Amino acid sequence: MEPAQSPVDVDVLVVGAGVTGIYQLYLAREAGFSVLMLEAGTGVGGTWYWNRYPGSRYDSESYTYGYFFSRELFNNWTWPEVFTGQPENERYFNHVVDRFDLRRHIRFNARIVAEDWDERAGSWIVRAEDGMEIRARFVVNATGVLSAPVYPRVPGREDFKGIAHHTGLWPKEPVEFAGKRVAVVGTGSSGVQVIPVIADEVASLTVYQRTPNWCVPLNNRVIPAGEQAEIKADFERIREIVTSNGSGFLHVPHDRTTFEETREQRWAFYETMWRSPGFAKLSTNYTDLLTSRDANAEWCAFLEEKYRSIVKDPATVEKLIPRDHLYAGKRPPYVTGYFETFNKPHVDLVDLRETPMVRVTEKGIEATDGEREFDIIVWATGFDFGTGALLRMGIRGRGGLSLNDYWAEGPMTYLGVMAHGFPNMFFPGGPHGGAGNNPRYNGDQSEFIHGVFEFMRQHHYRTVEVPAEVEKTWNDMVTLYSAKQPFGEKSYFFGANIPGKPKRFLNNPGGRLLMKQMMADTAESEYKGFLS
Ligand code: NAP
């Protein structure tokens, strides 16, 4: 590093000990930068630290979600299942930080309340809730897109005298469900994971659903020893595929469109999709699934048939079939035994569109058809996606410009990693970033950011900032392609779940390959116009 005008505590400060932050920390530390990581929780894992609700598990294949920067790490860690659960995932991130001796660079219980760019010094002053203050040359906010939990704006939530937890803020102590009257509010990916897992323990389970989702089987399984050995031996090929393709998954895309085949062939193919692992239903389905409404509706017709064949009560299954969006109009959940749960006599489904929630009471939940009493309420009601965490951190850039003001109409980013007016600050894994297997996208972003650090050190630059006109090229791409991408305006990808949030696309609609190309071009230009 070039000597600073005023000394910094660290070259690189990383905020957030999740999958992205840990990799960024590793890269910077390995390259000899002085580093520090601040984490609001008491442990590492990010999503896999906070979301410790029963049933929480990957829906990306475990060995494609983990890191690829070390063959030894890949060889020495055994994922017991194709889609491992939260405890195993959290163990993995602990293993990584210990194996690479990163823990000594992490301060826990450090929730950031302010980040201020000091123009004169060319560095950031970062403050935590407990008063700790750190001066850093670069700040990397790896705070995640699904890390600011939200609750419904319904009166009385604080009045409830029983136990209540949000899935994204689940306690470390076990929650005793046995024999309890339980409500689960929300049927997104988190709710539909909790529901079947607790159903057999509880005395009664009431599911409050506003919008049904196109849930499909996760098809998890144990990975037998022979296959484990094959996966490990195949490291180079697996790494090559997931680091270079568009999705970040190993899945091989199909080569046919929906109506090229007869109905009989289609239904046979859909059956193989139904039995395929996780996201393969999206990434290996007919190639027009996400571009043709008729093709998508055909797949939905197959799913509807499946649901009707599983759920015995006709009135219940009717409520479980989405009518306001097609497949991937919202982020599709992957389930295990979800629909079967509604055949159990002590499980009820409340359709909040028919009987909206009125208030939470001391004893339970009141909807327009009356009050139901509960011992436990599980709020599986989602997150302020994309921008939520970053806009809660008090970030102020050049001239005191607040990120909240700069993004008042939606995020403005370059490559989903930096914003004009906020020099030397990055947010890999933030808005405009992912659109597939997230750790792979975020890993590309971390490597791009790290390349900037290396270049600046080598060429003695002190400040990096994306020029406004360059940032505009990326945001124009987001606007152009978001109109064509599959996730609909009803999804949280457009901020639709937060009242008053601007309706802007929050993911990367151009996909990974375009992002990688633009990153390569930017690096090849030697960050022309970015550096001073
Ligand atoms: P979510 O998908 O946003 O679902 C939230 C649920 O709460 C929805 O059913 C929503 O209904 C409901 N809800 C929100 N506000 C409500 C209100 N005021 N009244 C009634 N219901 C309300 O959140 P999530 O389930 O936590 O999942 C978020 C994302 O996290 C997923 O899409 C996924 O990317 C990730 N995730 C991944 C996994 C995994 O398998 N790896 C597991 C869990 C989560 P509406 O749809 O009507 O808004």
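Structure: above.
Residues numbered from 1 in each chain as written. Predicted model: local features only at pLDDT ≥ 70, side-chain atom pairs only at ≥ 80, totals over all residues. Heavy atoms only, no water.

A. Quick peek at the overall build of the chain. Counting its secondary structure elements, the chain contains 17 helices and 18 strands. Taking the principal axes of its C-alpha atoms as reference, the chain extends roughly 70 × 55 × 45 Å. The burial tally for the chain puts 58% of its 532 residues in the buried class. When contacts within the chain are restricted to residue pairs at least 6 apart in sequence, long-range pairs at least 24 apart make up 71% of them. Carbon and sulfur atoms make up 50% of the accessible area of the chain, which amounts to about 21600 Å² in all. A gap of 1 Å separates the mean positions of the 58 positive and 68 negative side-chain charges of the chain. (Helix = DSSP H or I, 4+ residues; strand = E, 2+ residues; numbered from the N terminus. Buried < 20%, exposed > 50% of the residue type's maximum accessible area, 1.4 Å probe, protein only. Contact = heavy atoms within 4.5 Å. Areas by Shrake-Rupley, 256 points an atom, 1.4 Å probe, with all protein chains shown as cover. Lys, Arg positive; Asp, Glu negative; His and termini not counted. Charge placed at Lys NZ, Arg CZ, Asp CG, Glu CD.)

B. Representation of the sheet that holds strand β8 (residues 181-185). Pairing in this open sheet of five strands is parallel, and the strands run β7-β16-β8-β9-β12 from one edge to the other. Strand pairing shows two members of the sheet lacking a second neighbour, β7 (163-166) and β12 (347-351), which therefore form its edges. The average undirected angle you get between the axes of adjacent strands in this sheet is 15 degrees. Inspection of the sheet shows β8 paired to strand β16 (residues 376-379) by four bridges, in the parallel sense. Among the inter-strand pairings, alanine 183 is bridged to a residue of β16, identified as isoleucine 377. (Pairing = 2+ DSSP bridges. Axes fitted to C-alpha atoms, helices over the stretch in contact; angles between N-to-C directions.)

C. A look at the pairing of strand β4 (residues 112-118). β4 sits mainly inside the fold: five of its seven residues count as buried. Strand direction decides the pairing type here: β4 and strand β5 (residues 123-128), joined by six bridges, are antiparallel. In the strand pairing of β5, aspartate 118 is matched with serine 123. Alignment of β4 against strand β17 (residues 395-396), held across two bridges, turns out to be parallel. When the sheet's bridge partners are listed, glutamate 115 is paired in β17 with isoleucine 395.

D. Summary view of the packing of aromatic side chains. For the structure on display, the rule yields 52 aromatic pairs. Centroid distance tryptophan 48 to tyrosine 65: 6.2 Å. Interplanar angle 85 degrees. Geometry classified as edge-to-face. With tryptophan 48 in helix α2 (residues 47-50) and tyrosine 65 in helix α3 (residues 62-65), the pair connects residues that are 17 residues apart, well separated along the chain. The class of tyrosine 65 is buried, set by a relative accessible area of 11%. Arginine 157 extends its terminal NZ or CZ atom over the ring of tyrosine 151, reaching a point 3.6 Å from the ring centre. Over the ring of phenylalanine 33 we find arginine 457, and its NZ or CZ is 3.9 Å from the ring centre. (Phe/Tyr/Trp six-rings, centres within 6.5 Å; stacked < 30°, edge-to-face > 60°. Lys NZ or Arg CZ within 6 Å of the ring centre and 35° of its normal.)

E. Region of interest: the sheet that holds strand β14 (residues 364-367). Here we have three strands laid out as an open sheet, ordered β13-β14-β15, and antiparallel in their pairing. Two strands close off the open sheet at either side, each with one partner strand: β13 (357-360) and β15 (370-373). Strand-to-strand twist of the sheet, defined as the mean angle between neighbouring strand axes without regard to direction, takes the value 25 degrees. Bridge count between β13 and β14: three bridges; the pairing is antiparallel. In the strand pairing of β14, arginine 359 is matched with glutamate 366.

F. Up close: the site of the ligand. The immediate surroundings of the ligand are formed by 23 residues, with Ser190, Arg210, Thr211, Lys330 and Tyr492 found nearest. In the model, an oxygen atom of the ligand is placed 3.0 Å from a nitrogen or oxygen of the aspartate 59 side chain. Contact distances for the ligand include 3.4 Å between an oxygen atom and a backbone N or O atom of glycine 188. When isolated, the ligand has an accessible area of 910 Å², and the protein chains bury 86% of it. (Near = heavy atom within 4 Å. Polar contact = N/O pair within 3.5 Å; in protein donor to acceptor, adjacent residues only side chain to side chain.)

G. Representation of the side chain of asparagine 213. Along the chain, asparagine 213 turns up in the loop between β9 (204-209) and β10 (216-217). A distance of 2.8 Å separates a polar atom in the side chain of asparagine 213 from the backbone oxygen of threonine 187. In contact with asparagine 213, other than residues within four places in its own chain, are Thr187, Gly188, Tyr307, Leu320, Pro322, His325, Lys330, Arg331 and Pro333.

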